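Architecture and fold: a report
What follows is the residue order along each chain.
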Amino acid sequence: MSISAVLRNSRTSALCVLVVLRKSVRSFYTYKMAEKPADYLSTNGFESKTPFLIGVAGGTASGKSTVCQRIMEKLGQQHKEHTERRVVCISQDSFYRSLTAPERLRAERGQFNFDHPDAFDDKKLLATLKDILAGKKVEIPEYDYISNSISNRTNTLYPADVVLIEGILVFYFPEVRDLFHMKLFVDTDSDTRLARRVPRDIMERGRDLEQVLNQYMNFVKPAFEEFCLPTKKFADVIIPRGADNLVAIDLIVHHIWDIIYKKHPPRATNGATCNGHHDVDEANGRRLSGSSEDTLSR
Ligand SMILES: Nc1ncnc2c1ncn2[C@@H]1O[C@H](COP(=O)(O)OP(=O)(O)O)[C@@H](O)[C@H]1O
Ligand SMILES: O=c1ccn([C@@H]2O[C@H](COP(=O)(O)O)[C@@H](O)[C@H]2O)c(=O)[nH]1
């Protein structure tokens, strides 16, 4: 049975995702950390100043951004000041490369392939992710889908415990892929994705129906099959139905929260027991208010 089929059953899925999560962290200990000197490691298996980097891939309009938003909401991060956030999210779209003049003309006519790996500046993406992993503050450009180019505006990404990066091809480039401590693939069927992409591109990205359908048939669909779908095999966790899959999202949230908890162990004062989770989990209430062992060993 495929992992997707298993995930459809919510009871089994709880166990299944937990097993995969545990395996993913275990393999992270073994493969990534084996190469590093012992004093580089913290007790929980990754260097304490290094953020836990999570890649979120999937086809266009599969719900990658929505899944990331749900994770941020459940961790109570959405309304925090940017400087205060422990979990942050960026998009691979911020790393589209600048187009040449002839390419710009083709893009205006809907004849440029934004779904091909060559459309991205993978070197810049790699360098930025390395800076993030080194605990540096970085500037992330905003992408403008109307002008098909990086805008002048940037958002400052402050060092955080967990960094999510979502995009159609985040698992495509091997050097980028190898940086992720955890890889999620949002698996939503293509009819649903097209049905979501059409209104989104018309309402938010300044397109008309004909442009959206032509681009989809000429570039988006073939490139998904050739470049994005084959990267599903690299995922540690596959999330069928995207943001509708509350069980998978909850399990991922628990895992992330566990990572934060281990990086910032609770400080018990006056002999009192402290579960240490309140500041991270304003939004998720009781479910995340137990200790990490309580939530993950169940
Ligand atoms: N589970 C869902 N149910 C209904 N609409 C959704 C769902 N997930 C995403 N959408 C909508 O579909 C569109 C694409 O979702 P988004 O998360 O931006 O996808 P992606 O980041 O993969 O391109 C958005 O308009 C979003 O609001
Ligand atoms: O100028 C552009 C840049 C990108 N696109 C399309 O965007 C999607 C990727 O974004 P998702 O949020 O994952 O859908 C990709 O399929 C490109 O076709 C664009 O149309 N124009």
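Residues numbered from 1 in each chain as written. Chains lettered and ligands numbered in written order. Predicted model: local features only at pLDDT ≥ 70, side-chain atom pairs only at ≥ 80, totals over all residues.

**So, the overall build of the chain**
Scanning the chain for helices and strands turns up ten helices and seven strands. Relative to its full complement of 298 residues, the chain shows a buried share of 37%. Pairs at least 24 apart in sequence give 73% of the contacts found in the chain among residues at least 6 apart. (Helix = DSSP H or I, 4+ residues; strand = E, 2+ residues; numbered from the N terminus. Buried ≥ 20, exposed ≤ 12 C-beta atoms within 10 Å, placed from the backbone. Contact = placed C-beta atoms within 7 Å.)

**A word on the nonpolar core**
Counting residues in hydrophobic clusters, the biggest one holds 57 residues, and the most contacted among them are V56, I71, V162, L164, L184, I252 and I256. With ten residues, helix α9 (residues 246-263) is the single largest residue contributor to this core. If we skip the residues at most four places from it in the chain, L164 touches I54, V56, C68, I71 and C89. (Core = buried A, V, L, I, M, F, W, Y, C linked by C-beta atoms within 7 Å.)

**Topic: the site of ligand 1**
With respect to spatial proximity, 14 residues lie near ligand 1, and among them G63, K64, S65, T66 and R196 are the closest. When contributions to the shell around ligand 1 are tallied by element, the ones reaching two or more residues are α3 (64-74) and α7 (190-204). Broken down by element, the shell around ligand 1 gets its largest block of residues, three residues, from α3. Taken together, the residues of the shell around ligand 1 break down into two nonpolar, seven polar and five charged. (Near = placed C-beta within 6 Å. Nonpolar A, V, L, I, M, F, W, Y, C, P; charged D, E, K, R; others polar.)

**Let's talk about the site of ligand 2**
Surveying the vicinity of ligand 2 reveals the residues T60, A61, K64, D93, Y96, F114, D115, Y145, N148, I168 and V220. Looking at the shell around ligand 2 residue by residue, the classes come out as six nonpolar, two polar and three charged.

**Comments concerning α7**
Relative to the 21 Å expected for 15 residues at 1.5 Å per residue, α7 spans 20 Å between its end C-alpha atoms, a close match to the ideal helical length. For α7, the full list of buried residues reads R193, R197 and D201. Buried-residue contacts for α7 involve α8 (209-228). (Expected span 1.5 Å × (residues − 1).)

**Quick notes on the sheet that holds strand β2 (residues 87-91)**
If you trace the five strands from one edge of the open sheet to the other, you get β2-β5-β1-β6-β7, paired in parallel fashion. Edge strands, defined here as strands with exactly one partner in the open sheet, are β2 and β7 (237-240). Across the sheet, the axes of successive neighbouring strands diverge by a mean angle of 20 degrees, strand direction being ignored. Sheet topology places strand β1 (residues 52-58) next to strand β6 (residues 182-187); five bridges connect them, and they run parallel. Paired with G58 across the bridge in β6 is V186. (Pairing = 2+ DSSP bridges. Axes fitted to C-alpha atoms, helices over the stretch in contact; angles between N-to-C directions.)

**Description of the environment of D258**
Its location among the elements puts D258 in helix α9. You can call D258 buried: it has 20 C-beta atoms within 10 Å. For the pair D258 and Q78, spaced 180 residues apart in sequence, the C-alpha separation works out to 18 Å.

**A short note on unusual backbone geometry**
For A61, which is not a glycine, the phi torsion comes out positive at approximately 55 degrees. Examined against the element boundaries, A61 turns out to sit in the loop between β1 and α3.

**Description of the UniProt feature "domain: Phosphoribulokinase/uridine kinase" (unreviewed entry) in the chain**
This chain's UniProt record puts "domain: Phosphoribulokinase/uridine kinase" (unreviewed entry) on residues 53-248. A helix fraction of 37% and a strand fraction of 21% characterise residues 53-248, whose end C-alpha atoms lie 18 Å from each other. (UniProt positions renumbered as here; feature names shortened; annotations may be inferred.)

**Concerning the packing of α3 against α9**
Contact geometry for α3 and α9: axes closest at 10 Å, N-to-C directions at 55 degrees. Accordingly, the angle class assigned to the pair α3 and α9 is oblique. Where α3 crosses over α9, the two elements pack in a sense that is right-handed. The segment α3 lies against α9, with V67, R70, I71 and K74 engaging I249, I252, V253 and I256. Taken together, the residues of the contact of α3 with α9 break down into six nonpolar, no polar and two charged. (Parallel < 35°, antiparallel > 145°, perpendicular 65-115°, else oblique. Left-handed = near helix turned anticlockwise from the far one by under 90°.)

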